[in-house]
Amino acid sequence: MQLHNLKDSTQQVSFVEAVKTGLGRNQGVFFPDSLNKLSNIDALFEMDFVTRSSVILSHLIGDELPADTVADMVKIAFNFDVKLVEVEKNIYCLELFHGPTLAFKDFGGRLMAQCLAQFNQGEKVTILTATSGDTGAAVAHAFYNKPNIDVVILYPKGKISLAQQKLFTTLGNNIHCYAVEGSFDDCQSMVKNAFLDDEVKTRLGLNSANSINISRLVAQVCYYFEAIAQLPKEQRANAHISVPSGNFGNVCAAMIGAVIGMPVAKLSATTNQNDTVPRFMLDKNWAPNTTLESLSNAMDVSKPNNWPRVQHMLDNDWFSYDSFFSTSVDEATTQTAMKKIQQMGYIAEPHTAIAYQGLKKDLAAGSAGIFLATAHPAKFKDSVEDILGIELDMPKPLADALAKPCLAQDIANDYALLRKELLEKLA
Ligand SMILES: *Cc1c(COP(=O)(O)O)cnc(C)c1O
């Protein structure tokens with residue numbers, strides 16, 4: 001896979017380089033120069049998830065990794081289920097929360113860990129990442145106790161659920177966590193600053209595990225194919241997928257899937273009240289507001305890092321603007337949607353409910369609608385129990401994490417402080 005920096009096309013990198021570097025010059029993200037269509041899509045739908053995912057990833061990555069190596073990596077990374085559940089006639093929920101940290105971030109985090117293990121020849125690596133809630137846990141678990149790797153996670157203090165937080169702040173050893181006095185966007189800026197800091201970058205061997213990392217995006221392409229494969233055959237050609245979107249990595253992966261030949265009639269990127277993209281779609285004016293706190297905190301992002309990639313595919317007509325929808329769902333409507341879904345006999349946490357709401361808004365008659373369940377309801381225990389008036393069972397990994405003490409350290413929203421910490425502790 002040949003990629004270039006979307007802010008500076010003279011920076012050309014291979015897949016391996018893009019995975020190891022994370023972010024390009026001038027904070028530009030890397031994107032493939034071209035994306036070729038897969039051949040024989042129908043045959044792909046007959047394969048099981050792991051086999052098909054190996055084919056898709058080999059196709060995307062190209063000859064930088066042997067196909068049998070990719071197959072081994074996929075087998076280890078994707079060792080849990082993807083389920084498509086019909087919740088209403090022709091409306092399906094794609095459950096992506098059956099991994100170890102109960103959110104879809106496990107797919108990207110675990111494949112990225114496999115990639116770095118392949119590419120890294122004993123050098124010291126520090127994975128520095130900001131989390132809006134679920135990336136932290138997925139990355140921490142994927143790299144926990146891996147030799148030569150330290151993981152530093154920044155999260156907005158008090159702005160993520162206790163379950164989300166405890167899933168990564170209780171691990172210790174090579175997992176170092178900081179609770180930042182600020183928003184996710186502030187955490188994301190601190191990470192970007194560190195990447196611009198040559199001394200920190202070199203001495204720590206910095207790498208980012210954010211969804212700017214291309215290995216995470218390609219991993220996520222795979223479960224969209226699985227969703228289509230699990231649809232009844234006659235509905236496969238006319239699917240409309242709604243993705244609850246914050247940093248826009250997940251919907252970017254869906255679009256990449258469409259570009260390489262997955263049948264998708266329409267894509268909806270549905271946001272919470274942090275609606276930079278929905279407003280941009282109306283007037284083509286990029287005007288991020290201050291980030292607001294929402295029930296769907298993993299989407300409390302007003303400057304989505306992956307938007308340039310999505311826009312690149314749209315502007316180049318790789319995916320039609322006419323088939324791309326982006327709307328925002330406010331807090332009250334999120335709650336109403338959760339209750340509506342409950343009446344159909346299904347329990348959805350806020351992010352999932354937002355995807356459902358966005359789907360219903362633009363779903364055409366006769367289409368098969370798919371909305372993504374990006375997290376297990378128990379990860380948002382408090383709001384789900386509050387809003388739906390029920391009591392949830394805690395899955396074991398969550399119950400275990402909740403019983404352990406938080407090992408995170410507080411830090412002000414000040415890059416100079418983080419820099420000092422990192423150099424003292426990890427360089
Ligand atoms: C990260 C996350 C999202 C948003 O995904 P993006 O790829 O950042 O758009 C949605 N839901 C949940 C539960 C998440 O953890």
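Not measured: the values here are computed from a predicted model.

1. Focus: the overall build of the chain
- The secondary structure content of the chain amounts to 18 helices and 14 strands.
- For the C-alpha atoms alone, the extent of the chain along its principal axes is close to 60 × 50 × 45 Å.
- Of all intrachain contacts in the chain linking residues separated by at least 6 positions in sequence, the fraction that spans at least 24 positions is 74%.
- Accessible area for the chain stands at about 15,600 Å²; split by element, carbon and sulfur atoms hold 48% of it.
- Averaging the positions of the 37 positive and the 47 negative side-chain charges in the chain gives two centres separated by 1 Å.

2. Quick look at the packing of aromatic side chains
- Under the defined criterion, the tally for this structure stands at 16 aromatic pairs.
- Relative to Tyr224, the ring of Tyr223 has its centre 5.1 Å away and its plane inclined at 40°; by these criteria the two rings are tilted. Each member of the pair, Tyr223 as well as Tyr224, is classed as buried.
- Through a chain of ring-to-ring contacts, the aromatic side chains of Phe49, Phe78, Phe80, Phe107, Tyr223 and Tyr224 assemble into a single cluster.
- Between Lys284 and the ring centre of Tyr321, over which it is positioned, the NZ or CZ distance is 4.8 Å.

3. So, the pairing of strand E2 (residues 8–14)
- In this structure, strand E1 (residues 2–5) lies alongside E2, joined through four bridges in antiparallel fashion. Looking at E2, one finds that Leu3 is bridged to Val13.
- What sits between the antiparallel neighbours E1 and E2 is a turn of two residues.

4. Some points on the packing of helix H14 (residues 331–343) against helix H15 (residues 350–362)
- One can describe the packing of H14 onto H15 by two numbers: an axis separation of 8 Å at closest approach and a directional angle of 90°. As judged from the angle between their axes, H14 and H15 are roughly perpendicular. Across from Thr333, Thr334, Ala337, Met338, Lys340 and Ile341 in H14, the residues of H15 making contact are Pro350, Ala353, Ile354, Tyr356 and Gln357.

5. Structural notes on the side chain of Asn274
- Within the secondary structure layout, Asn274 lies in the loop between strand E11 (266–271) and helix H12 (276–283).
- Here the side chain of Asn274 touches Asp300 through a polar contact of 3.3 Å, side chain to side chain.
- For Asn274, the contacting residues outside a window of four places in its chain are Thr290, Thr291, Leu292, Ser294, Met299, Asp300 and Val301.

6. Observations concerning the site of the ligand
- Taken together, 15 residues are adjacent to the ligand, and Lys105, Asp134, Gly246, Asn247 and Thr374 come closest.
- Lys105 has a polar side-chain atom sitting 2.6 Å from an oxygen atom of the ligand.
- Within the contact set of the ligand, an oxygen atom lies 2.4 Å away from a side-chain nitrogen or oxygen of Asp134.
- Residue composition of the shell around the ligand, grouped by class: six nonpolar, seven polar and two charged.

7. Quick look at the environment of Leu167
- You can see Leu167 is positioned in helix H7 (residues 162–169).
- Measuring from C-alpha to C-alpha, the distance between Leu167 and Gly108 comes to 17 Å, with 59 residues separating the pair along the chain.
- Those residues in contact with Leu167 that sit more than four places away from it in its chain are Thr101, Ala137, His141, Lys379, Pro397, Leu398 and Ala401.

8. Concerning the domain arrangement of the chain
- Assigned domains of the chain: these are domain 1 (82–104 + 214–388) and domain 2 (105–211 + 403–426).
- Relative placement of domain 1 and domain 2: their C-alpha centres are 25 Å apart.
- Taken residue by residue, the interface counts 31 residues in domain 1 and 30 residues in domain 2.
- On inspection of domain 1 and its partner domain 2, the count reaches two salt bridges.
- Ionic pairing is found between Lys159 and Glu293, a salt bridge with its closest N-O pair at 4.0 Å.
- With six residues, the single largest contributor to the side of domain 1 that touches domain 2 is helix H10 (residues 214–230).

9. So, helix H8 (residues 184–196)
- The terminal C-alpha atoms of H8 lie 19 Å apart, and with 13 residues this matches the ideal 18 Å at 1.5 Å per residue to within 8%.
- Residues Phe184, Asp185, Cys187, Gln188, Met190, Val191, Ala194 and Phe195 constitute the buried set of H8.
- Where H8 begins, the capping side chain belongs to Ser183, and its oxygen is found 3.3 Å from the backbone nitrogen of Asp185.

10. Here we look at the sheet that holds E2
- On the basis of which strands lie adjacent, the open sheet formed by three strands has the order E2-E1-E3 and antiparallel pairing. Looking at the sheet topology across the chains shown, the edges are occupied by E2 and strand E3 (30–32). Shown here is a sheet whose adjacent strand axes are inclined to one another by a mean of 35°, direction ignored.

11. Concerning the pattern of salt bridges
- Tallying each qualifying case throughout the model produces 19 salt bridges.
- Taking the shortest distance from any N to any O, the salt bridge between Arg203 and Glu199 comes out at 2.8 Å. Taken as a pair, Arg203 and Glu199 lie in helix H9 (residues 198–204) at a separation of four residues, close to a single helical turn.
- Here Arg203 falls in the partly exposed class, since its relative accessible area comes to 43%.
- A network of salt bridges, in which partner residues are shared, links Asp197, Glu199, Arg203 and Arg419.

12. What to know about the pairing of strand E4 (residues 83–88)
- Here E4 pairs with strand E5 (residues 91–95) via five bridges, running antiparallel. When the bridges of E5 are listed, Glu88 appears paired with Ile91.
- The turn linking E4 back onto E5 is made up of two residues, and Asn90 within it adopts a positive phi angle of 65°.

13. A closer look at unusual backbone geometry
- The phi dihedral of Asn90 is positive, around 65°, even though this residue is not glycine.
- When you line up the elements, Asn90 lands in the loop between E4 and E5.
- Judged by relative accessible area, which is 22%, Asn90 ranks as partly exposed.
- For Asn145, which is not glycine, the phi dihedral falls at a positive 60°.
- Here Asn145 is to be found in the loop between helix H6 (135–143) and strand E7 (149–156).
- Judged by its relative accessible area of 46%, Asn145 is partly exposed.

The rules behind these values
Residues numbered from 1 in each chain as written. Predicted model: local features only at pLDDT ≥ 70, side-chain atom pairs only at ≥ 80, totals over all residues. Heavy atoms only, no water. Helix = DSSP H or I, 4+ residues; strand = E, 2+ residues; numbered from the N terminus. Contact = heavy atoms within 4.5 Å. Areas by Shrake-Rupley, 256 points an atom, 1.4 Å probe, with all protein chains shown as cover. Lys, Arg positive; Asp, Glu negative; His and termini not counted. Charge placed at Lys NZ, Arg CZ, Asp CG, Glu CD. Phe/Tyr/Trp six-rings, centres within 6.5 Å; stacked < 30°, edge-to-face > 60°. Buried < 20%, exposed > 50% of the residue type's maximum accessible area, 1.4 Å probe, protein only. Lys NZ or Arg CZ within 6 Å of the ring centre and 35° of its normal. Pairing = 2+ DSSP bridges. Axes fitted to C-alpha atoms, helices over the stretch in contact; angles between N-to-C directions. Parallel < 35°, antiparallel > 145°, perpendicular 65-115°, else oblique. Polar contact = N/O pair within 3.5 Å; in protein donor to acceptor, adjacent residues only side chain to side chain. Near = heavy atom within 4 Å. Nonpolar A, V, L, I, M, F, W, Y, C, P; charged D, E, K, R; others polar. Domains from an automatic or database assignment. Salt bridge = Lys/Arg side-chain N within 4 Å of Asp/Glu carboxyl O. Expected span 1.5 Å × (residues − 1).

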